[in-house]
Amino acid sequence: MKFVDEYRAPLLAKQLLKNIDAITSQPWTIMEVCGGQTHSIIKHGIDQLLPDKINLIHGPGCPVCVTPLEYIDKALAIAQQPNVIFCSFGDMLRVPASHQDLLSIKAQGADIRTVYSPLDALKLAQENPNKEVVFFGVGFETTAPTVALTLYQAKQQNLKNFSVLACHVRVPPVMQALLSAEDNSVQGFLGAGHVCTIMGYHEYLPLSEQYKIPIVITGFEPVDILQGLYLCIQQLESGQHSVENQYTRLVTQQGNQPAQQLLQQVFTTVDQKWRGLGEIAQSGLAISNEYADWNAEQRFAVSDINTQEPENCRSGSILKGLSKPHDCPEFGKNCTPDHPLGATMVSSEGACAAYYHYRAHV
Amino acid sequence: MCLAVPGKIIEIKGEESLARVATIDFSGIQKEVSLAYLPEAVIHDYVVVHAGFAIALIDQEEAAETLKAFQQLEEFEEKL
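Residues numbered from 1 in each chain as written. Chains lettered and ligands numbered in written order. Predicted model: local features only at pLDDT ≥ 70, side-chain atom pairs only at ≥ 80, totals over all residues.

1. As for the overall build of chain B
Reasoning step 1: Within chain B, the regular secondary structure consists of one helix and five strands.
Reasoning step 2: Mapped in sequence order, the helices and strands of chain B form the string β-β-β-β-β-α.
Reasoning step 3: Within chain B, the proportion of its 80 residues that are buried is 34%.
Reasoning step 4: Residue pairs in contact within chain B that sit at least 24 positions apart in sequence constitute 28% of those at least 6 positions apart. (Helix = DSSP H or I, 4+ residues; strand = E, 2+ residues; numbered from the N terminus. Buried ≥ 20, exposed ≤ 12 C-beta atoms within 10 Å, placed from the backbone. Contact = placed C-beta atoms within 7 Å.)

2. Here's the deal with unusual backbone geometry
Reasoning step 1: Of note in this structure, A:Asn83 is not a glycine but carries a positive phi near 75 degrees.
Reasoning step 2: Here A:Asn83 shows up in the loop between α5 (69-79) and β3 (84-88).
Reasoning step 3: The exposure class of A:Asn83 is exposed, given the 10 C-beta atoms found within 10 Å.
Reasoning step 4: Non-glycine residue B:Ala51 carries a positive phi angle of around 50 degrees.
Reasoning step 5: Looking at the secondary structure, you find B:Ala51 in the loop between β4 (46-50) and β5 (53-57).

3. Focus: the sheet that holds strand β11 (residues 278-287) of chain A
Residue and element names in this part refer to chain A.
Reasoning step 1: On the basis of which strands lie adjacent, the open sheet formed by six strands has the order β4-β3-β5-β6-β11-β10 and mixed pairing. A single partner strand is all that each edge strand has here, and the edge strands are β4 (111-114) and β10 (267-274). Direction aside, the axes of adjacent strands within the sheet are offset by 25 degrees on average.
Reasoning step 2: Judged from the seven bridges that link them, strand β5 (residues 132-139) and strand β6 (residues 162-169) form a sheet pairing that is parallel. Bridge pairing in β6 places Val133 opposite Phe162.
Reasoning step 3: On top of the sheet, helix α7 (residues 118-127) reaches β3, β4, β5 and β6; it is set at about 170 degrees to β5, its chief contact.
Reasoning step 4: Across the sheet, helix α8 (residues 144-156) lies against β5, β6, β10 and β11, angled at about 155 degrees from β6, the strand it touches most. (Pairing = 2+ DSSP bridges. Axes fitted to C-alpha atoms, helices over the stretch in contact; angles between N-to-C directions.)

4. Describing the pairing of strand β2 (residues 54-61) of chain A
Residues and elements named next belong to chain A.
Reasoning step 1: Among the eight residues that make up β2, seven are buried, leaving the element largely enclosed by the rest of the structure.
Reasoning step 2: Inspection of the sheet shows strand β1 (residues 28-34) paired to β2 by six bridges, in the parallel sense. Of the residues in β2, the one forming a bridge with Glu32 is His58.

5. As for the sheet that holds strand β9 (residues 243-245) of chain A
Residues and elements named next belong to chain A.
Reasoning step 1: Read from one edge of the open sheet, five strands run β2-β1-β7-β8-β9, paired in parallel fashion. Every other strand in the sheet has two partners, leaving β2 and β9 as the edge strands with one partner each. Looking at each pair of strands side by side, their axes are set apart by 25 degrees on average, direction ignored.
Reasoning step 2: In the packing of helix α2 (residues 35-43) onto the sheet, contacts are made with β1, β2, β7 (188-192) and β8 (215-218), and the angle to β1 comes to roughly 120 degrees.

6. Here's the deal with the domain arrangement of chain A
Interface size is commonly expressed as the accessible surface area that is lost when the partners come together.
Residue and element names in this part refer to chain A.
Reasoning step 1: Here chain A is described as being made up of domain 1 (1-321) and domain 2 (322-356).
Reasoning step 2: Each partner contributes residues to the interface: domain 1 has 27 residues there, and domain 2 has 19 residues.
Reasoning step 3: Elements with a minimum of two residues in the side of domain 1 that touches domain 2: α2, α4 (63-66) and α15 (315-319).
Reasoning step 4: Here the side of domain 1 that touches domain 2 gets five residues from one element, more than from any other, and that element is α2.
Reasoning step 5: Looking at the side of domain 1 that touches domain 2 residue by residue, the class counts come to 11 nonpolar, 10 polar and six charged. (Domains from an automatic or database assignment. Nonpolar A, V, L, I, M, F, W, Y, C, P; charged D, E, K, R; others polar.)

7. Some details on the interface of chain B and chain A
Reasoning step 1: Listed per partner, the contact involves 29 residues of chain B and 38 residues of chain A.
Reasoning step 2: Residues belonging to the side of chain B that touches chain A are distributed by class as follows: 20 nonpolar, five polar and four charged.

8. Some remarks on the nonpolar core
Reasoning step 1: In this structure, A:Ala75, A:Phe86, B:Val47 and B:Ala54 are the most contacted members of the largest nonpolar core, which totals 143 residues.
Reasoning step 2: For this core, the element with the highest residue contribution is helix α12 (residues 222-237) of chain A, accounting for nine residues.
Reasoning step 3: Shared between two domains, this core takes at least three residues from each, and those domains are domain 1 (1-321) and domain 2 (322-356) of chain A.
Reasoning step 4: Leaving out residues up to four positions away in the same chain, B:Val47 has contacts with B:Gly7, B:Ile9, B:Ile24, B:Leu38, B:Ala41, B:Ala54, B:Ala56, B:Leu57 and B:Ile58. (Core = buried A, V, L, I, M, F, W, Y, C linked by C-beta atoms within 7 Å.)

9. Comments concerning helix α1 (residues 10-23) of chain A
All names here are of chain A.
Reasoning step 1: For α1, spanning 14 residues, the distance from its first C-alpha to its last is 20 Å, which sits close to the expected 20 Å at 1.5 Å a residue.
Reasoning step 2: Restricting attention to buried positions, one finds in α1 the residues Leu12, Ala13, Gln15, Leu16 and Ile20. One side of α1 holds all its buried residues, which, seen down the axis, span an arc of 160 degrees. Opposite the packed face of α1, turned more than 90 degrees from it, sit the exposed residues Pro10, Leu11, Lys18 and Ala22. (Expected span 1.5 Å × (residues − 1). Arc of directions from axis to C-beta.)

10. Some points on the packing of α8(A) against helix α13 (residues 257-266) of chain A
Residue and element names in this part refer to chain A.
Reasoning step 1: Between α8 and α13, the shortest axis-to-axis distance is 9 Å and the interhelical angle comes to 65 degrees. Our pair here, α8 against α13, has a crossing hand that is left-handed. Residue-level contacts link Ala144, Pro145, Ala148, Leu149, Leu151 and Tyr152 of α8 to Ala259, Leu262, Leu263 and Val266 of α13.
Reasoning step 2: A per-class count over the contact of α8 with α13 returns 10 nonpolar, no polar and no charged. (Left-handed = near helix turned anticlockwise from the far one by under 90°.)

Structural data, given as structure tokens:
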């Protein structure tokens, strides 16, 4: 496939590995922010090909993983109501709420549909005027604009039987939270490429400056990731810190302006709880008052649901890079992708699930 | 979740920019996606698609530059 295959070329990867090896003189800890990057790194074995001195930490950029338990409880409470068609991206269906997951209540008769795009849910609402159609809006700044336009269209069409249960989160605040923690070990970041296609990278300039840390906006194919790592290590080795852009074929400093404008119109920035990490200031995007009529939390009165996380899951420490998945006694035993205990095992982009799929022998 | 797949625009429908829809060819598989966020996109452009939306144009010159830089590096190594 064009713009994919050439970034998987073994020769280029080999060359980049050689270059990384040549410039690495001391240990460095680098975090890839996005779950898509984690998946690619573990799938292609990139972490095993790097010099031993390079320690990769798998960051919190997996929206399925970090969606707090109470939102899954809210989703179940809504989906179980009569006359509701509950729509979601597929990977949210298996995430366990306090007692069950969406797939098991589907088996008990709830009308739950997997959709590819929030626009598919909107279409279902148009086709089923006597049903309440609810979309479970989860995701980072890459996904939030797709929900923003869907809400915009629902309002334009005055479509009263459609609403969104929104739990959208932003990347820069969680990076700041990680960096300001006392036990932070991250020395460099690979920034999330597709989040930056929407948001640009101006938000990362003050972060890099304040914490004196290199941030390299990076793509998702093996050659992208290796080049991102090379640029990051180059900065670390020369004692520099700046924001660099590896993913120039897609990312510009200003990002996608129409998408940002609609995000601002439809959502408000709020403090948000993250599964495994707790509340982070200004890290969430909630549906604005102007769109309150399409907010499923209000329509179905589920705002008060509040749930505590289970204590035997170490996902918080994995998301901060303090533990690796196989350090956890539950990994692969009481916690598997079919029966995940917590955040990092629930989605294929979570560090534990990626290790489980590609590195079960560890 | 932030997975985005590259494809080529082969048809565009609609006038108003937030309502434009494109047919995208993903190496043989075709799908209609929203072009709301790429008002500048035209037929034959390459874009990346996420959850039914084209979210960015692929800058073909930048893509070629990155790969060219790698190839030069490789040739240089071979000469050594």
